[in-house]
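The chain contents come next:
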Amino acid sequence: MASILLALWVVGGILLSILVAAILFIAWKYNLIYQYLHPVDKDSKRNGGELVAEVLKSHGIKFLFTLCGGHISPVNVAADKLGIRVVDTRHEATAVFAADAVARLSGVVGAAIVTAGPGLTNTITAVKNAQMAESPVLLMGGAAGTLLKGRGALQDIDQMVLFKPLCKICISVTKIRDIVPSLRRALAVAQSGTPGPVFVELPIDIMYSYELVMKSLVGTTGGKGGLVAKIVNWYIMTFMNNIFSGAFEKRDVTPLPVQQPLATKDQVQQGVELLSRAKKPVILLGSQATLPPVPAQKLRESLEAIGVPCFLGGMARGLLGRKSPLHIRQRRRDALKEADVVILAGAVCDFRLNYGRSLSRRSKIIAVNRNPSQLYKNSDMFWKPTLAVEGDPASFLVELQKGLQGYTCDEEWLKTLRARDEEKEAANIVKAGEKADRYLNPLSVLYQVEEVMEENSIIVADGGDFVGSASYILRPRGPLKWLDPGAFGTLGVGGGFALGAKLCCPDANVWIVYGDGSLGYSFMEFDTYTRHNTPVIAVIGNDACWTQIAREQEPILGSRVSCELAFCDYHSAVEGIGGVGMKLSEESKDEIQAKLREAQKLSQSGKSVLVNCLIGRTDFRNGSISV
């Protein structure tokens, strides 16, 4: 009898322990104490979208790019009420590309929000492009309700696993009280260190009011009933209280500090010593050089004071103005082989520098980059940095200039590089004067665009062969006047980049240089330009072909299969979605310029213009490859 009582006592103790543990677990998981101290206001009509909008507003975000969806409607409505301009696009990728452009041009995080499932999967290419271009972009996405995840809800997929490899941080917000701190953290991370995209998932049950969410959940359980139904209803109420407890208590929405890596004084001094002894130095600037905290104009002044010839890439194009004597555009490889000191200021030894093989082993290399993986890219194979600085390139150059008082670059070195530029430019002009196999010579068209463009113009590059030619001919008018996809080489950026550029710089003429292939990705955004009064000018190099691919595919493999397009009437099609179309095919230089000036005037009056330039083929870029 005693042994039975002892066994019952032991079993009872175990069961009691399990019960206590279960109660403690439930109390921890559903914050029962927090719920008790912060009761839910069940009559409140407020929703989580309002908190999202408040954080965006406090961080200086003026534009929210979107494609509407029921999961995210509360954010768009709340943002609009707070004066944030909500700009809806015709494709989710365009929304992210536009946010990317805003980030690059304004120095403020670009923001986009799209609906769950396919809305988010449509953004993946644009997010990856922002990652590789190191643009601080906030992507917010709707999601199935937290209680219904994995139960077959509409558009319910594991979104976090998709974006973790692409974003600096991914946060799934499961309680309304966590919206503000989660967004503040994400926005700080996007800008800190090496900038990049961040993702915040906003499930639908934290977006709407208590009453609406409650109705939705009760509808899924069938309401009241027996013991099982009562347990389910208790669980739902506990779950709901956890989501809404303390939801709208006042919280700090102001920006968190942003961490920006800077060079040490010793590193700057080492750079001063290396450059001060140089006879043939060059500086290669990449997109990182245009990032905050240094304004582009201040960096330009420092570079002009240093007086070293510069090659500009990515967002750094145009940094020195249209005709700076320090800006060298041609024969970079020759200059790098002869240079005794090379400063890689945000420039990376990837395919653009032949993985570092473009550098001479005799040169002293000063590499400056915020990203350590980019700083040492391929340094184990083809090159070695003499001085490697994990820091902001622009800040380094500004401090370098301060330590170089009295330094002057060898004038003969500058003359040699300028002479090569002039020689190549003269050769390009000769090429532009040649007759193409049919229609217009693409180089001639681009020279007329260059002649007509006003000083306030911004150039958006989206294409292959035609845009590759444009990079030799078109000269950005100043800092932050050129937008291209960057290292990822993404087609389809044009529609979104132009939209973001026009919103940031409403008085500028925004020119998109399209290939006829790349135009297809974002043609429908001309409807967006019309609806949002953001007029642009698009110049299409229409050669009825994916020429960048055909240039290598046909000689190597003997076929143009999949490369052929048609001389479509894009100028007619754009008329149907609110734009103005023009066609060029046999005109003289003067006639081309007249049409382009007319396009500028129409754009300035509020009309988007598409100039469909039928072009032939030349041998200008023979030998260029796309891989």
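Residues numbered from 1 in each chain as written. Predicted model: local features only at pLDDT ≥ 70, side-chain atom pairs only at ≥ 80, totals over all residues. Heavy atoms only, no water.

(A) The arrangement of the overall build of the protein chain in detail. Tallying secondary structure elements over the protein chain gives 25 helices and 17 strands in all. Within the protein chain, contacts between residues separated by at least 24 positions form 77% of all contacts whose residues are at least 6 apart in sequence. Carbon and sulfur atoms make up 57% of the accessible area of the protein chain, which totals about 26,900 Å². Of note, the protein chain has its 69 positive side-chain charges centred 5 Å away from the centre of its 61 negative side-chain charges. (Helix = DSSP H or I, 4+ residues; strand = E, 2+ residues; numbered from the N terminus. Contact = heavy atoms within 4.5 Å. Areas by Shrake-Rupley, 256 points an atom, 1.4 Å probe, with all protein chains shown as cover. Lys, Arg positive; Asp, Glu negative; His and termini not counted. Charge placed at Lys NZ, Arg CZ, Asp CG, Glu CD.)

(B) Structural view of the packing of helix α13 (residues 296-306) against helix α16 (residues 393-403). Following both chains from N to C, one finds α13 and α16 inclined at 40 degrees, their axes separated by 9 Å at the closest point. Considering their axes alone, α13 and α16 lie oblique with respect to each other. Between α13 and α16 lies a crossing whose hand is left-handed. Contacts from K298, L299, S302, L303, A305 and I306 of α13 reach α16 at A394, L397, V398 and Q401. Taken together, the residues of the contact of α13 with α16 sort by class into 7 nonpolar, 2 polar and 1 charged. (Axes fitted to C-alpha atoms, helices over the stretch in contact; angles between N-to-C directions. Parallel < 35°, antiparallel > 145°, perpendicular 65-115°, else oblique. Left-handed = near helix turned anticlockwise from the far one by under 90°. Nonpolar A, V, L, I, M, F, W, Y, C, P; charged D, E, K, R; others polar.)

(C) Here's a closer look at the sheet that holds strand β5 (residues 170-172). Pairing is parallel in the open sheet, where 6 strands are placed in the order β2-β1-β3-β4-β6-β5. Whereas interior strands pair on both sides, the edge strands pair on one side only; in this sheet they are β2 (85-88) and β5. Between one strand and the next, the sheet's axes are offset by a mean angle of 20 degrees, whatever the strand orientation. Pairing of strand β3 (residues 110-114) with strand β4 (residues 137-143) involves 5 bridges; the strand directions are parallel. Pairing of A112 across the sheet is with L139, part of β4. (Pairing = 2+ DSSP bridges.)

(D) Representation of the packing of aromatic side chains in the model. Here the structure, examined in full by the defined rule, presents 7 aromatic pairs. Measuring from ring centre to ring centre gives 5.9 Å for F97 and F497, while their planes differ by 90 degrees; the resulting arrangement is edge-to-face. Placement of the pair is F97 in helix α5 (residues 92-106) and F497 in helix α20 (residues 494-504), with a sequence separation of 400 residues. Taking relative accessible area as the criterion, F97 reaches 3% and is therefore assigned buried. Judged by centre distance (5.3 Å) and plane angle (80 degrees), the rings of F526 and Y529 are edge-to-face. Taken together, the residues F526 and Y529, both in helix α22 (residues 525-531) and 3 residues apart, mark about one turn of the helix. F526 sits in the buried class, given a relative accessible area of 0%. The positively charged end of R352 is found above the aromatic ring belonging to F351, 5.8 Å away from the centroid. Seen from the ring of F382, R357 lies directly overhead, with NZ or CZ sitting 4.6 Å from the centre. (Phe/Tyr/Trp six-rings, centres within 6.5 Å; stacked < 30°, edge-to-face > 60°. Buried < 20%, exposed > 50% of the residue type's maximum accessible area, 1.4 Å probe, protein only. Lys NZ or Arg CZ within 6 Å of the ring centre and 35° of its normal.)

(E) A positive patch on the surface, seen in detail. Taken together, the side chains of R332, R333, K337 and R362 make up a positively charged region of the molecular surface. Locating R332 in the fold gives a position in helix α14 (residues 332-338). (Patch = residues over 30% accessible without salt bridge, like charges linked within 9 Å, V, L, I, M, F, W, Y side chains within 5 Å. Salt bridge = Lys/Arg side-chain N within 4 Å of Asp/Glu carboxyl O.)

(F) Quick look at the environment of E564. Within the secondary structure, E564 sits in the loop between α23 (547-557) and α24 (570-573). Distance from E564 to R551, taken between C-alpha atoms, is 12 Å for residues 13 residues apart in sequence. Dropping the residues within four chain positions of it, E564 is found in contact with A544 and R617.

(G) A look at the side chain of S585. Looking at the secondary structure, you find S585 in the loop between β16 (580-584) and α25 (589-604). Filtering out sequence-adjacent residues up to four positions away, S585 remains in contact with Y439, L440 and L614.

(H) Local environment of the packing of helix α3 (residues 48-58) against helix α9 (residues 179-191). At a closest axis distance of 9 Å, the pairing of α3 and α9 adopts a crossing angle of 35 degrees. Crossing of α3 against α9: the hand is right-handed. Residues G48, L51, V52 and V55 of α3 pack against I179, V180, L183, R184 and L187 of α9. By residue class, the composition of the contact of α3 with α9 is 7 nonpolar, 1 polar and 1 charged.

(I) Expanded view of the nonpolar core. Grouped together as the largest cluster of nonpolar side chains are 55 residues, with contacts concentrated most on L275, L285 and L344. When sequence neighbours within four positions are dropped, the list of residues in contact with L285 reads L299, L303, C310, F311, L312, G313, A316, L319, A345 and L397. A95, V102, A126 and I577 belong to the second largest nonpolar core, which has 52 residues in total. (Core = buried A, V, L, I, M, F, W, Y, C linked by side-chain atoms within 4.5 Å.)

(J) Structural context of helix α19 (residues 465-473). When you tally the buried positions in α19, you get 7 out of 9 residues, the bulk of the element. Listed in full, the buried residues belonging to α19 are D465, F466, V467, G468, S469, A470 and I473. Where α19 is buried, its residues touch α17 (411-432), α18 (442-452), β12 (458-462), β14 (510-515), β15 (537-542) and α23.

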